[in-house]
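Structural overview for review
These are the residues of each chain, in order.
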Amino acid sequence: MTSPLRLLILGASGFGREVLWVADAIPASARPWRMAGFLDDDVDGARASLAAAGVVHPVLGSIRDHVPAPDEVFFCAIGGSATRLRVSAALADRGARLVTMVHPSAQVHPDAVIGDGTIVGPLCTVGSAARLGRAVVMNASAGVGPDAVVEDGVFLGSRCDVMPGAIVETGAFLGAHVTVHPRARVGARSIVGIGSTVVAPVAAERTYLGVPARAVGV
Amino acid sequence: MPRPKRRLFIIGTDGAAREILWTATQVPLDDRDWEPAGFLADDVDGARGELARRGIALPVVGAVADYAPASDDVFTCAIVDPRAKLEAAEIVRARGGAFVPVIHPTALVHETAVVGTGVIMRHYSGIGPNTVVGDFVTICQSAGPSHDNVVGDGCTIAPHADVMGNARLGRGVLLGNHGVVLPGATVGDFAVVGAGSVVLRRVPPGATVFGVPARRLDFVPVREEVAR
(Lines give C-alpha, C1' and ligand atoms only; values in the text may rest on other atoms or scores of the structure.)
Protein backbone atom coordinates (compact mmCIF):
# COMPACT_ATOMS: atom_id res chain seq x y z
CA MET A 1 0.00 0.00 0.00
CA THR A 2 1.60 3.27 -1.07
CA SER A 3 0.21 6.66 -0.37
CA PRO A 4 -0.26 8.82 -3.45
CA LEU A 5 2.50 11.15 -4.49
CA ARG A 6 2.02 14.85 -3.87
CA LEU A 7 2.21 17.19 -6.87
CA LEU A 8 3.78 20.60 -6.37
CA ILE A 9 3.41 23.13 -9.18
CA LEU A 10 6.32 25.57 -9.39
CA GLY A 11 5.08 29.05 -10.16
CA ALA A 12 1.63 30.34 -9.25
CA SER A 13 1.14 32.68 -12.18
CA GLY A 14 -1.49 32.34 -14.91
CA PHE A 15 0.54 29.53 -16.44
CA GLY A 16 0.60 27.76 -13.06
CA ARG A 17 -3.18 27.90 -12.98
CA GLU A 18 -3.35 26.58 -16.56
CA VAL A 19 -1.19 23.64 -15.46
CA LEU A 20 -3.51 23.07 -12.50
CA TRP A 21 -6.43 23.01 -14.93
CA VAL A 22 -4.75 20.25 -16.96
CA ALA A 23 -3.78 18.39 -13.78
CA ASP A 24 -7.38 18.48 -12.59
CA ALA A 25 -8.58 17.14 -15.96
CA ILE A 26 -6.38 14.04 -15.79
CA PRO A 27 -8.44 11.19 -14.32
CA ALA A 28 -7.16 9.93 -10.97
CA SER A 29 -6.74 6.48 -12.50
CA ALA A 30 -4.25 7.90 -15.00
CA ARG A 31 -1.88 9.53 -12.52
CA PRO A 32 -0.01 8.39 -9.41
CA TRP A 33 -0.15 11.85 -7.78
CA ARG A 34 -2.63 14.27 -6.30
CA MET A 35 -2.37 18.06 -6.31
CA ALA A 36 -0.83 19.32 -3.07
CA GLY A 37 0.07 22.95 -3.69
CA PHE A 38 2.26 25.57 -5.31
CA LEU A 39 5.78 26.79 -4.74
CA ASP A 40 6.64 30.36 -5.70
CA ASP A 41 9.57 32.59 -4.80
CA ASP A 42 7.15 35.45 -4.13
CA VAL A 43 5.12 33.55 -1.53
CA ASP A 44 2.92 36.44 -0.42
CA GLY A 45 2.24 37.66 -3.94
CA ALA A 46 1.41 34.11 -5.05
CA ARG A 47 -1.01 33.65 -2.15
CA ALA A 48 -2.77 36.88 -3.02
CA SER A 49 -3.04 36.14 -6.73
CA LEU A 50 -4.29 32.57 -6.18
CA ALA A 51 -6.86 33.82 -3.68
CA ALA A 52 -8.00 36.46 -6.18
CA ALA A 53 -8.35 33.73 -8.83
CA GLY A 54 -10.36 31.52 -6.51
CA VAL A 55 -7.74 28.75 -6.31
CA VAL A 56 -7.98 26.80 -3.08
CA HIS A 57 -4.60 25.06 -3.18
CA PRO A 58 -1.95 26.44 -0.80
CA VAL A 59 1.38 28.07 -1.52
CA LEU A 60 3.72 25.85 0.46
CA GLY A 61 6.87 27.93 0.21
CA SER A 62 9.51 29.23 -2.16
CA ILE A 63 11.12 27.27 -4.98
CA ARG A 64 14.67 28.16 -4.07
CA ASP A 65 14.40 26.92 -0.46
CA HIS A 66 12.47 23.77 -1.19
CA VAL A 67 14.06 20.43 -0.36
CA PRO A 68 12.29 17.72 -2.35
CA ALA A 69 10.74 14.95 -0.27
CA PRO A 70 10.49 11.35 -1.49
CA ASP A 71 6.70 11.51 -1.84
CA GLU A 72 6.77 14.71 -3.90
CA VAL A 73 6.66 15.16 -7.65
CA PHE A 74 6.96 18.46 -9.46
CA PHE A 75 5.87 20.38 -12.51
CA CYS A 76 7.65 23.58 -13.44
CA ALA A 77 5.02 26.09 -14.62
CA ILE A 78 7.31 28.96 -15.51
CA GLY A 79 6.58 30.40 -18.94
CA GLY A 80 10.05 31.71 -19.77
CA SER A 81 11.92 28.85 -21.40
CA ALA A 82 15.36 29.64 -20.01
CA THR A 83 14.05 29.94 -16.45
CA ARG A 84 11.85 26.87 -16.80
CA LEU A 85 14.81 24.81 -18.00
CA ARG A 86 17.15 26.15 -15.32
CA VAL A 87 14.69 25.63 -12.46
CA SER A 88 13.73 22.17 -13.73
CA ALA A 89 17.38 21.13 -14.01
CA ALA A 90 18.22 22.53 -10.56
CA LEU A 91 15.34 20.57 -9.03
CA ALA A 92 16.30 17.40 -10.84
CA ASP A 93 19.83 17.86 -9.43
CA ARG A 94 18.33 17.92 -5.96
CA GLY A 95 16.66 14.58 -6.66
CA ALA A 96 13.23 15.91 -7.60
CA ARG A 97 11.02 13.93 -9.96
CA LEU A 98 9.40 16.01 -12.69
CA VAL A 99 6.13 14.68 -14.08
CA THR A 100 4.76 14.81 -17.61
CA MET A 101 1.23 16.12 -18.07
CA VAL A 102 -0.95 15.14 -20.98
CA HIS A 103 -4.50 16.45 -21.18
CA PRO A 104 -6.96 13.60 -21.73
CA SER A 105 -8.29 15.25 -24.91
CA ALA A 106 -4.81 15.35 -26.49
CA GLN A 107 -4.14 12.77 -29.20
CA VAL A 108 -0.74 11.25 -28.59
CA HIS A 109 0.46 8.47 -30.89
CA PRO A 110 1.61 5.38 -28.97
CA ASP A 111 5.03 5.61 -30.69
CA ALA A 112 5.65 9.22 -29.66
CA VAL A 113 8.19 9.98 -26.92
CA ILE A 114 7.54 12.73 -24.37
CA GLY A 115 10.16 13.96 -21.89
CA ASP A 116 9.86 14.69 -18.18
CA GLY A 117 8.40 18.02 -17.14
CA THR A 118 6.59 18.48 -20.45
CA ILE A 119 2.94 19.49 -20.76
CA VAL A 120 0.68 18.57 -23.68
CA GLY A 121 -2.41 20.74 -23.47
CA PRO A 122 -6.04 20.22 -24.47
CA LEU A 123 -6.76 19.08 -28.05
CA CYS A 124 -3.07 18.77 -28.94
CA THR A 125 -1.66 16.24 -31.39
CA VAL A 126 1.63 14.38 -31.09
CA GLY A 127 2.18 12.21 -34.15
CA SER A 128 3.84 8.90 -34.88
CA ALA A 129 7.49 8.72 -33.79
CA ALA A 130 7.48 12.41 -32.83
CA ARG A 131 9.86 13.28 -30.00
CA LEU A 132 9.28 15.94 -27.37
CA GLY A 133 12.15 16.80 -25.01
CA ARG A 134 12.01 17.86 -21.37
CA ALA A 135 10.13 20.90 -20.08
CA VAL A 136 8.34 21.46 -23.39
CA VAL A 137 5.07 23.40 -23.34
CA MET A 138 2.40 22.60 -25.91
CA ASN A 139 -0.50 24.99 -25.58
CA ALA A 140 -4.04 24.12 -26.61
CA SER A 141 -4.51 22.44 -30.00
CA ALA A 142 -0.82 22.60 -30.92
CA GLY A 143 0.45 19.76 -33.09
CA VAL A 144 3.76 18.01 -33.62
CA GLY A 145 3.77 15.88 -36.76
CA PRO A 146 5.21 12.44 -37.38
CA ASP A 147 9.01 12.17 -36.99
CA ALA A 148 9.27 15.81 -35.86
CA VAL A 149 11.63 16.67 -33.00
CA VAL A 150 10.91 19.33 -30.38
CA GLU A 151 13.87 19.76 -28.06
CA ASP A 152 14.08 20.68 -24.37
CA GLY A 153 12.36 23.80 -23.12
CA VAL A 154 10.54 24.71 -26.34
CA PHE A 155 7.31 26.69 -26.01
CA LEU A 156 4.63 26.04 -28.63
CA GLY A 157 1.79 28.55 -28.51
CA SER A 158 -1.79 27.48 -29.10
CA ARG A 159 -2.51 25.89 -32.48
CA CYS A 160 1.14 25.75 -33.55
CA ASP A 161 1.89 23.09 -36.15
CA VAL A 162 5.34 21.55 -36.29
CA MET A 163 5.04 19.56 -39.50
CA PRO A 164 6.49 16.12 -40.24
CA GLY A 165 10.22 15.80 -39.76
CA ALA A 166 10.76 19.40 -38.65
CA ILE A 167 13.18 20.18 -35.82
CA VAL A 168 12.62 22.85 -33.19
CA GLU A 169 15.79 23.33 -31.18
CA THR A 170 16.11 23.86 -27.47
CA GLY A 171 14.45 26.86 -25.87
CA ALA A 172 12.78 28.18 -29.03
CA PHE A 173 9.55 30.15 -28.51
CA LEU A 174 6.81 29.79 -31.13
CA GLY A 175 3.80 32.08 -30.79
CA ALA A 176 0.23 31.00 -31.44
CA HIS A 177 -0.72 29.70 -34.91
CA VAL A 178 2.85 29.27 -36.13
CA THR A 179 3.44 26.65 -38.83
CA VAL A 180 6.86 25.07 -39.28
CA HIS A 181 7.19 23.42 -42.71
CA PRO A 182 8.18 19.77 -43.05
CA ARG A 183 11.87 19.16 -42.29
CA ALA A 184 12.48 22.86 -41.54
CA ARG A 185 14.71 23.74 -38.60
CA VAL A 186 14.05 26.36 -35.95
CA GLY A 187 17.24 27.38 -34.14
CA ALA A 188 17.83 27.29 -30.41
CA ARG A 189 16.31 30.09 -28.32
CA SER A 190 14.83 31.81 -31.38
CA ILE A 191 11.44 33.54 -31.31
CA VAL A 192 8.86 33.01 -34.05
CA GLY A 193 6.02 35.52 -33.92
CA ILE A 194 2.30 34.77 -33.87
CA GLY A 195 0.84 33.49 -37.12
CA SER A 196 4.18 33.07 -38.88
CA THR A 197 4.98 30.31 -41.36
CA VAL A 198 8.53 28.98 -41.21
CA VAL A 199 9.69 27.71 -44.62
CA ALA A 200 13.46 28.33 -44.40
CA PRO A 201 15.87 27.75 -41.51
CA VAL A 202 15.41 30.03 -38.50
CA ALA A 203 18.74 31.07 -36.97
CA ALA A 204 19.42 30.54 -33.29
CA GLU A 205 18.73 33.43 -30.91
CA ARG A 206 16.96 35.50 -33.59
CA THR A 207 13.38 36.73 -33.95
CA TYR A 208 11.32 35.89 -37.03
CA LEU A 209 7.92 37.07 -38.15
CA GLY A 210 5.54 36.79 -41.06
CA VAL A 211 4.31 34.54 -43.86
CA PRO A 212 6.96 33.51 -44.84
CA ALA A 213 8.83 34.14 -41.59
CA ARG A 214 11.73 36.57 -41.96
CA ALA A 215 14.31 37.77 -39.46
CA VAL A 216 13.41 41.05 -37.76
CA GLY A 217 15.48 43.49 -35.69
CA VAL A 218 19.25 43.52 -35.53
CA MET B 1 -20.97 -12.17 -31.44
CA PRO B 2 -18.00 -11.48 -33.67
CA ARG B 3 -18.84 -10.07 -37.07
CA PRO B 4 -16.74 -10.86 -40.10
CA LYS B 5 -14.46 -7.91 -40.70
CA ARG B 6 -13.47 -6.59 -44.07
CA ARG B 7 -9.79 -5.83 -44.56
CA LEU B 8 -8.77 -2.17 -44.75
CA PHE B 9 -5.76 -1.39 -46.89
CA ILE B 10 -4.12 1.99 -46.58
CA ILE B 11 -2.69 3.47 -49.78
CA GLY B 12 0.68 5.00 -48.88
CA THR B 13 3.30 4.11 -46.28
CA ASP B 14 4.90 7.40 -45.23
CA GLY B 15 4.30 9.41 -42.06
CA ALA B 16 0.86 10.46 -43.29
CA ALA B 17 -0.11 6.82 -43.82
CA ARG B 18 1.00 5.95 -40.29
CA GLU B 19 -1.15 8.79 -39.02
CA ILE B 20 -4.18 7.52 -40.94
CA LEU B 21 -3.55 4.01 -39.58
CA TRP B 22 -3.65 5.56 -36.13
CA THR B 23 -6.92 7.36 -36.88
CA ALA B 24 -8.38 4.15 -38.33
CA THR B 25 -7.58 2.23 -35.15
CA GLN B 26 -9.31 4.96 -33.12
CA VAL B 27 -12.64 4.48 -34.91
CA PRO B 28 -14.82 2.54 -32.44
CA LEU B 29 -15.29 -1.13 -33.34
CA ASP B 30 -19.06 -0.70 -33.44
CA ASP B 31 -18.73 1.97 -36.12
CA ARG B 32 -16.75 -0.06 -38.63
CA ASP B 33 -16.93 -3.44 -40.30
CA TRP B 34 -13.25 -3.40 -41.25
CA GLU B 35 -9.93 -3.90 -39.57
CA PRO B 36 -6.64 -2.34 -40.74
CA ALA B 37 -4.87 -5.16 -42.59
CA GLY B 38 -2.02 -3.61 -44.56
CA PHE B 39 -0.74 -1.11 -47.06
CA LEU B 40 -0.44 -0.56 -50.79
CA ALA B 41 2.63 1.31 -51.99
CA ASP B 42 4.31 2.36 -55.19
CA ASP B 43 7.73 1.17 -54.07
CA VAL B 44 6.78 -2.10 -52.38
CA ASP B 45 10.27 -3.15 -51.30
CA GLY B 46 11.16 0.30 -49.98
CA ALA B 47 7.88 0.49 -48.11
CA ARG B 48 8.42 -2.94 -46.54
CA GLY B 49 11.85 -1.91 -45.30
CA GLU B 50 10.54 1.37 -43.92
CA LEU B 51 7.65 -0.24 -42.04
CA ALA B 52 9.90 -3.01 -40.69
CA ARG B 53 12.37 -0.41 -39.38
CA ARG B 54 9.49 1.23 -37.54
CA GLY B 55 8.21 -2.03 -36.09
CA ILE B 56 4.86 -1.87 -37.88
CA ALA B 57 3.63 -5.42 -38.29
CA LEU B 58 1.02 -4.84 -41.01
CA PRO B 59 2.19 -6.05 -44.44
CA VAL B 60 2.61 -4.19 -47.70
CA VAL B 61 0.40 -6.39 -49.88
CA GLY B 62 1.26 -4.96 -53.26
CA ALA B 63 1.65 -2.03 -55.58
CA VAL B 64 -1.07 0.49 -56.34
CA ALA B 65 -0.53 -0.13 -60.06
CA ASP B 66 -1.34 -3.84 -60.07
CA TYR B 67 -3.06 -4.91 -56.84
CA ALA B 68 -6.25 -6.87 -57.56
CA PRO B 69 -8.80 -6.14 -54.80
CA ALA B 70 -10.48 -9.13 -53.17
CA SER B 71 -14.19 -9.05 -52.39
CA ASP B 72 -13.68 -8.30 -48.69
CA ASP B 73 -11.03 -5.60 -49.26
CA VAL B 74 -11.74 -1.95 -48.60
CA PHE B 75 -9.40 1.01 -49.03
CA THR B 76 -8.47 4.45 -47.79
CA CYS B 77 -6.05 6.73 -49.60
CA ALA B 78 -3.58 8.34 -47.17
CA ILE B 79 -1.59 10.33 -49.74
CA VAL B 80 -1.32 14.06 -48.95
CA ASP B 81 -0.61 15.44 -52.45
CA PRO B 82 -4.04 15.76 -54.10
CA ARG B 83 -2.93 14.87 -57.62
CA ALA B 84 -1.11 11.71 -56.50
CA LYS B 85 -3.98 10.86 -54.14
CA LEU B 86 -6.62 11.08 -56.88
CA GLU B 87 -4.46 9.13 -59.31
CA ALA B 88 -3.90 6.26 -56.87
CA ALA B 89 -7.52 6.21 -55.66
CA GLU B 90 -8.88 6.15 -59.22
CA ILE B 91 -6.58 3.26 -60.17
CA VAL B 92 -7.82 1.18 -57.24
CA ARG B 93 -11.44 2.20 -57.77
CA ALA B 94 -11.26 1.31 -61.47
CA ARG B 95 -10.24 -2.21 -60.44
CA GLY B 96 -13.38 -2.48 -58.33
CA GLY B 97 -11.82 -1.47 -55.00
CA ALA B 98 -14.35 -0.05 -52.51
CA PHE B 99 -13.39 2.92 -50.34
CA VAL B 100 -14.65 3.47 -46.80
CA PRO B 101 -14.72 6.66 -44.75
CA VAL B 102 -12.18 6.88 -41.94
CA ILE B 103 -13.65 9.37 -39.52
CA HIS B 104 -12.30 9.94 -36.03
CA PRO B 105 -14.93 9.75 -33.29
CA THR B 106 -14.28 13.37 -32.28
CA ALA B 107 -14.88 14.73 -35.81
CA LEU B 108 -18.14 16.62 -36.23
CA VAL B 109 -20.21 16.36 -39.41
CA HIS B 110 -23.41 18.37 -39.60
CA GLU B 111 -26.49 16.34 -40.49
CA THR B 112 -27.10 18.40 -43.63
CA ALA B 113 -23.56 18.01 -44.96
CA VAL B 114 -23.04 15.77 -47.98
CA VAL B 115 -19.85 13.74 -47.84
CA GLY B 116 -18.33 11.76 -50.71
CA THR B 117 -16.71 8.36 -50.71
CA GLY B 118 -13.37 7.56 -49.09
CA VAL B 119 -13.25 10.70 -46.99
CA ILE B 120 -10.72 10.91 -44.14
CA MET B 121 -11.46 13.09 -41.13
CA ARG B 122 -8.93 13.30 -38.32
CA HIS B 123 -9.53 14.26 -34.69
CA TYR B 124 -11.37 17.50 -33.94
CA SER B 125 -12.08 18.21 -37.61
CA GLY B 126 -15.50 19.30 -38.81
CA ILE B 127 -17.86 19.81 -41.75
CA GLY B 128 -20.52 22.46 -41.32
CA PRO B 129 -24.16 22.76 -42.41
CA ASN B 130 -25.04 22.29 -46.10
CA THR B 131 -21.45 21.86 -47.16
CA VAL B 132 -20.76 19.37 -49.95
CA VAL B 133 -17.49 17.44 -49.74
CA GLY B 134 -16.31 15.33 -52.68
CA ASP B 135 -14.62 11.94 -52.88
CA PHE B 136 -11.19 11.25 -51.34
CA VAL B 137 -11.10 14.49 -49.39
CA THR B 138 -8.76 14.53 -46.39
CA ILE B 139 -9.58 16.85 -43.51
CA CYS B 140 -6.80 16.98 -40.94
CA GLN B 141 -6.95 17.64 -37.22
CA SER B 142 -8.76 20.77 -36.00
CA ALA B 143 -9.54 21.81 -39.60
CA GLY B 144 -12.52 21.90 -41.89
CA PRO B 145 -15.06 23.73 -43.98
CA SER B 146 -17.91 25.52 -42.22
CA HIS B 147 -21.33 26.12 -43.86
CA ASP B 148 -22.45 26.14 -47.50
CA ASN B 149 -19.07 25.31 -49.01
CA VAL B 150 -18.25 23.05 -51.93
CA VAL B 151 -15.04 21.05 -51.55
CA GLY B 152 -14.00 19.19 -54.70
CA ASP B 153 -12.74 15.63 -55.04
CA GLY B 154 -9.30 14.91 -53.67
CA CYS B 155 -8.78 18.11 -51.69
CA THR B 156 -6.42 17.96 -48.72
CA ILE B 157 -7.23 20.36 -45.90
CA ALA B 158 -4.22 20.51 -43.57
CA PRO B 159 -4.32 20.94 -39.77
CA HIS B 160 -5.93 24.14 -38.45
CA ALA B 161 -7.04 25.27 -41.92
CA ASP B 162 -10.43 26.97 -42.23
CA VAL B 163 -12.77 27.23 -45.18
CA MET B 164 -15.21 29.88 -43.99
CA GLY B 165 -18.70 30.04 -45.57
CA ASN B 166 -20.02 29.88 -49.16
CA ALA B 167 -16.56 29.20 -50.51
CA ARG B 168 -15.65 26.83 -53.29
CA LEU B 169 -12.59 24.63 -53.50
CA GLY B 170 -12.12 22.99 -56.89
CA ARG B 171 -10.80 19.51 -57.52
CA GLY B 172 -7.53 18.55 -55.85
CA VAL B 173 -6.87 21.72 -53.88
CA LEU B 174 -4.16 21.59 -51.21
CA LEU B 175 -4.99 24.01 -48.40
CA GLY B 176 -1.91 24.24 -46.16
CA ASN B 177 -1.77 24.35 -42.37
CA HIS B 178 -3.57 27.40 -40.94
CA GLY B 179 -4.68 28.37 -44.43
CA VAL B 180 -7.89 30.40 -44.42
CA VAL B 181 -10.31 30.76 -47.34
CA LEU B 182 -12.57 33.74 -46.74
CA PRO B 183 -16.35 33.59 -47.21
CA GLY B 184 -17.39 33.34 -50.85
CA ALA B 185 -13.86 32.90 -52.18
CA THR B 186 -13.00 30.44 -54.96
CA VAL B 187 -9.91 28.25 -55.22
CA GLY B 188 -9.36 26.65 -58.64
CA ASP B 189 -8.60 23.01 -59.44
CA PHE B 190 -5.23 21.73 -58.21
CA ALA B 191 -4.27 25.06 -56.69
CA VAL B 192 -1.99 25.10 -53.66
CA VAL B 193 -2.61 27.51 -50.79
CA GLY B 194 0.55 27.74 -48.67
CA ALA B 195 0.63 27.33 -44.92
CA GLY B 196 -0.56 30.36 -42.99
CA SER B 197 -2.00 32.02 -46.09
CA VAL B 198 -5.31 33.88 -46.31
CA VAL B 199 -7.31 33.69 -49.56
CA LEU B 200 -9.45 36.79 -49.96
CA ARG B 201 -11.20 36.29 -53.29
CA ARG B 202 -9.98 33.97 -56.04
CA VAL B 203 -7.11 31.59 -56.74
CA PRO B 204 -6.75 30.48 -60.40
CA PRO B 205 -6.59 26.77 -61.24
CA GLY B 206 -3.12 25.30 -60.79
CA ALA B 207 -1.74 28.38 -59.04
CA THR B 208 0.38 28.32 -55.91
CA VAL B 209 -0.42 31.18 -53.58
CA PHE B 210 1.19 32.19 -50.32
CA GLY B 211 1.09 34.93 -47.73
CA VAL B 212 -1.35 37.27 -46.00
CA PRO B 213 -3.14 38.09 -48.22
CA ALA B 214 -2.32 35.13 -50.44
CA ARG B 215 -0.45 36.11 -53.61
CA ARG B 216 0.84 34.01 -56.49
CA LEU B 217 4.23 32.61 -55.74
CA ASP B 218 6.56 33.33 -58.63
CA PHE B 219 9.68 32.33 -56.74
CA VAL B 220 10.56 29.55 -54.35
CA PRO B 221 11.73 30.84 -50.97
CA VAL B 222 15.44 30.12 -50.78
CA ARG B 223 17.41 28.95 -47.80
CA GLU B 224 18.71 32.13 -46.26
CA GLU B 225 19.87 33.40 -42.88
CA VAL B 226 21.52 30.25 -41.54
CA ALA B 227 23.34 29.52 -44.78
CA ARG B 228 25.09 32.89 -44.66
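Further up the page is the structure itself.
Described below are features of the structure shown in this document. (Residues numbered from 1 in each chain as written. Chains lettered and ligands numbered in written order. Predicted model: local features only at pLDDT ≥ 70, side-chain atom pairs only at ≥ 80, totals over all residues. Heavy atoms only, no water.)

Section: the overall build of chain B
Let me state the cut-off plainly: Numbering of helices and strands runs from the N terminus, with a helix taken as a DSSP run of H or I at least four residues long and a strand as a DSSP run of E at least two residues long. When we talk radius of gyration, it's over C-alpha atoms, and the globule rule is simply 2.2 Å times the number of residues to the 0.38. Buried means the residue's accessible area, taken with a 1.4 Å probe over protein chains only, is under 20% of the maximum for its type, while exposed means over 50%, and partly exposed covers the values in between.
In terms of regular secondary structure, chain B is built from three helices and 25 strands. The C-alpha radius of gyration of chain B comes to 18 Å, within 12% of the 17 Å expected for a compact globule of 228 residues. By its C-alpha atoms, chain B is 55 × 50 × 30 Å across when sized along the principal axes. Across the 228 residues that make up chain B, the buried fraction comes to 52%.

Observations concerning the overall build of chain A
We count it as follows: Note on contacts: a residue pair qualifies if any of its non-hydrogen atoms lie within 4.5 Å across the two residues. Computed by Shrake-Rupley with a 1.4 Å probe, the accessible areas treat only the displayed protein chains as cover when residues are assessed. Asp and Glu are treated as the negative residues and Lys and Arg as the positive ones, with His and the ends of the chain left uncounted. Where a charge lies is defined by one atom per residue type, namely NZ (Lys), CZ (Arg), CG (Asp) and CD (Glu).
Looking only at helices and strands, chain A features three helices and 24 strands. Rg of the C-alpha trace for chain A: 17 Å, near the compact-globule value of 17 Å for 218 residues, within the 12% margin. Structurally, chain A occupies a C-alpha span of about 50 × 40 × 30 Å along its principal axes. In chain A, which comprises 218 residues, the proportion classed as buried is 54%. Contacts spanning at least 24 positions in sequence make up 27% of the contacts within chain A whose residues lie at least 6 apart. A total of about 9,000 Å² of accessible surface is found on chain A, and carbon and sulfur atoms cover 56% of it. Here chain A contributes 18 positively and 18 negatively charged side chains, and the mean placements of these two sets differ by 3 Å.

Remarks on the interface of chain A and chain B
Rules: Using a 1.4 Å probe, buried area is obtained as the accessible area two parts lose upon being combined, added over both of them. Counted as salt bridges are all cases of a side-chain nitrogen of Lys or Arg within 4 Å of a carboxyl oxygen of Asp or Glu.
Across the contact, 35 residues belong to chain A and 27 residues belong to chain B. Between chain A and chain B, roughly 2,300 Å² of surface is buried when both sides are summed, and carbon and sulfur atoms account for 55% of that area. Three residues, Q107(A), P201(A) and V211(A), lead the burial of chain A against chain B; their summed loss comes to 23% of the area buried on that side. Across the chain A-chain B interface, the total number found is two salt bridges.

Focus on a negative patch on the surface
All names here are of chain B. Rules: Nonpolar side chains (Val, Leu, Ile, Met, Phe, Trp, Tyr) are joined into patches within 5 Å and like charges within 9 Å, using only residues with over 30% relative accessible area and no salt bridge.
A surface patch of like charges, here negative, comprises D42, D43, D45 and E87. One can find D42 in the loop between β2 (34-41) and α2 (44-53). Looking at D42, the relative accessible area reads 65%, which means it is exposed.

Remarks on the packing of aromatic side chains
Residue and element names in this part refer to chain B. What counts here: Two rings from Phe, Tyr or Trp (for Trp, the six-membered ring) form a pair when their centres are within 6.5 Å of each other. A pair whose planes differ by under 30 degrees is stacked, one over 60 is edge-to-face, and the rest are tilted. By the criterion adopted, a ring carries a charge over it if an Arg CZ or a Lys NZ lies within 6 Å of its centre and within 35 degrees of its normal.
Per the counting criterion, the structure on display carries six aromatic pairs over all chains. Look at Y67 and F75: their rings are 6.2 Å apart centre to centre, the planes differ by 75°, and that puts the pair in the edge-to-face class. Note on accessibility: Y67 and F75 belong to one class, buried. Grouping aromatic residues by their ring pairs yields a cluster made of F9, Y67, F75, F99 and F136. Between the NZ or CZ atom of R83 and the centre of the ring of F190, over which it lies, the distance is 4.2 Å.

Notes on the side chain of S196(A)
Residue and element names in this part refer to chain A. What counts, and what does not: We define a polar contact as two N or O atoms separated by no more than 3.5 Å, with the added condition that, inside protein, one atom must be a possible hydrogen donor and the other a possible acceptor, whereas residues neighbouring each other in sequence contribute only through side-chain atom pairs.
Within the secondary structure, S196 sits in the loop between β21 (191-192) and β22 (197-198). A relative accessible area of 0% means that S196 is categorised as buried. Among the polar contacts listed, one links the side chain of S196 to the backbone nitrogen of G210, at a separation of 2.9 Å. Non-local contacts of S196, meaning those with residues more than four positions away in its chain, are made with H177, V178, T179, Y208, L209, G210, V211 and A213.

Let's talk about helix α3 (residues 82-94) of chain B
All names here are of chain B. For clarity, the cut-off: By this rule, a helix spans an expected 1.5 Å times one less than how many residues it contains.
The end-to-end C-alpha separation of α3 is 18 Å, in line with the 18 Å expected for 13 residues at 1.5 Å each. When we look at burial in α3, the residues that qualify are P82, K85, L86, A88, A89 and V92. Where α3 ends, the next residue or the one after it, G96, has phi of about 95°, a positive value.

Quick word on the pattern of salt bridges
Residue and element names in this part refer to chain A. Going through the model one piece at a time under the given rule, you end up with 17 salt bridges over all chains. A salt bridge links D41 to R64; its shortest N-O distance comes to 3.9 Å. On the criterion of sequence distance, the pair formed by D41 in the loop between β2 (33-39) and α2 (43-52) and R64 in the loop between β3 (59-61) and β4 (72-76) is long-range, its members being 23 residues apart. Look at R64 and you get exposed, because its relative accessible area is 58%.

Description of the pairing of strand β1 (residues 5-10) of chain A
Residues and elements named next belong to chain A. Selection rule: Only when DSSP finds a minimum of two bridges between them are two strands counted as paired. Call a crossover right-handed when, viewed with both strands pointing away from you, the route from the first strand across the helix to the second goes clockwise.
A large share of β1 lies buried, amounting to five of its six residues. One ladder, built from six bridges, connects β1 with β2; its direction is parallel. Of the residues in β2, the one forming a bridge with R6 is R34. In this fold, β1 hands off to helix α1 (residues 14-25), which returns the chain to β2; that crossover is right-handed. As defined by bridge partners, β1 adjoins β4 across five bridges and the pair is classed as parallel. Across the sheet, residue R6 finds its bridge partner in β4, namely E72.

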